[in-house]
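Breakdown of the fold
Letter by letter, the chains look like this.
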Amino acid sequence: MSELLNNILVVLPSLNPDERMPETVRGMLAAGFSRVLVVNDGSDALHMRPFEEIAKLPEVTILTHEVNLGKGRAIKDAFQYILDSMPDVEGCVTVDG
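Note that the structure is a prediction, hence the values are computed from the model and not measured.

**Considering the overall build of the protein**
- Broken down by element type, the protein carries three helices and four strands.
- In sequence order, the protein lays out its α and β elements as β-α-β-α-β-α-β.
- Dimensions along the principal axes, computed over C-alpha positions, put the protein at roughly 35 × 25 × 20 Å.
- In the protein, which comprises 97 residues, the share counted as buried stands at 40%.
- For the protein, long-range pairs separated by at least 24 residues make up 75% of all intrachain contacts whose partners lie at least 6 apart in sequence.

Structure below.
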């Protein structure tokens, strides 16, 4: 199954995540997805720890909005990043943290 997911990217928009968000990311990787794109949608300074934790994972890319632009914009920016920077991605799955 994991070979089927090699070119499928997980997109996770996130605003002020709690300690469960890194578990969600690790769960996606454990399920066989090889890459996760997280969009920090303007989270405040009190909620940076989960992003710092997942930034250590080589399979994770983090995009950051300086201010909250909304889940829709976060997903659109993720899709644009994929089109511009990840030509081998064949599809993506969006998840909530």
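Next, the rest of the story.
**As for the nonpolar core**
- Counting 14 residues, the largest nonpolar core has V25, V36, V38, I54 and V60 as the members making the most contacts within it.
- Elements that contribute at least two residues to this core include exactly β1 (8-14), α1 (21-30), β2 (35-41) and α2 (49-54).
- A total of three residues in this core trace back to one element, the largest contributor, which is α1.
- Those residues in contact with V60, other than ones at most four positions away along the chain, are V25, V36, V38 and I54.
- Membership of the second largest hydrophobic core comes to ten residues, among which are L9, A74, A78 and M86.

**Some words on the sheet that holds strand β4 (residues 91-94)**
- Overall, parallel pairing links the four strands, which are arranged β3-β2-β1-β4 in an open sheet. In this open sheet, the two edge strands, each paired with only one partner strand, are β3 (60-65) and β4. The mean angle between the axes of side-by-side strands here comes to 25 degrees, regardless of whether they run parallel or antiparallel.
- As paired elements, β1 and β2 share six bridges and run parallel to each other. Bridge assignment links L12 to a residue of β2, and that residue is V38.

**Things to note about the pattern of salt bridges**
- One pass over the structure, following the stated rule, counts five salt bridges.
- The partner of E53 in a salt bridge is R26, with the nearest N and O atoms 2.8 Å apart. Placement of the pair is E53 in helix α2 and R26 in helix α1, with a sequence separation of 27 residues.
- Using a relative accessible area of 29% as the deciding quantity, one classes E53 as partly exposed.

**Things to note about the side chain of N40**
- By secondary structure assignment, the location of N40 is in strand β2.
- Classification of N40 by relative accessible area gives buried; the value is 4%.
- Every residue in contact with N40, bar those within four places of it in the chain, is listed here: S14, M48, F51, I62, L63, T64 and H65.

The rules behind these values
Residues numbered from 1 in each chain as written. Predicted model: local features only at pLDDT ≥ 70, side-chain atom pairs only at ≥ 80, totals over all residues. Heavy atoms only, no water. Helix = DSSP H or I, 4+ residues; strand = E, 2+ residues; numbered from the N terminus. Buried < 20%, exposed > 50% of the residue type's maximum accessible area, 1.4 Å probe, protein only. Contact = heavy atoms within 4.5 Å. Core = buried A, V, L, I, M, F, W, Y, C linked by side-chain atoms within 4.5 Å. Pairing = 2+ DSSP bridges. Axes fitted to C-alpha atoms, helices over the stretch in contact; angles between N-to-C directions. Salt bridge = Lys/Arg side-chain N within 4 Å of Asp/Glu carboxyl O.

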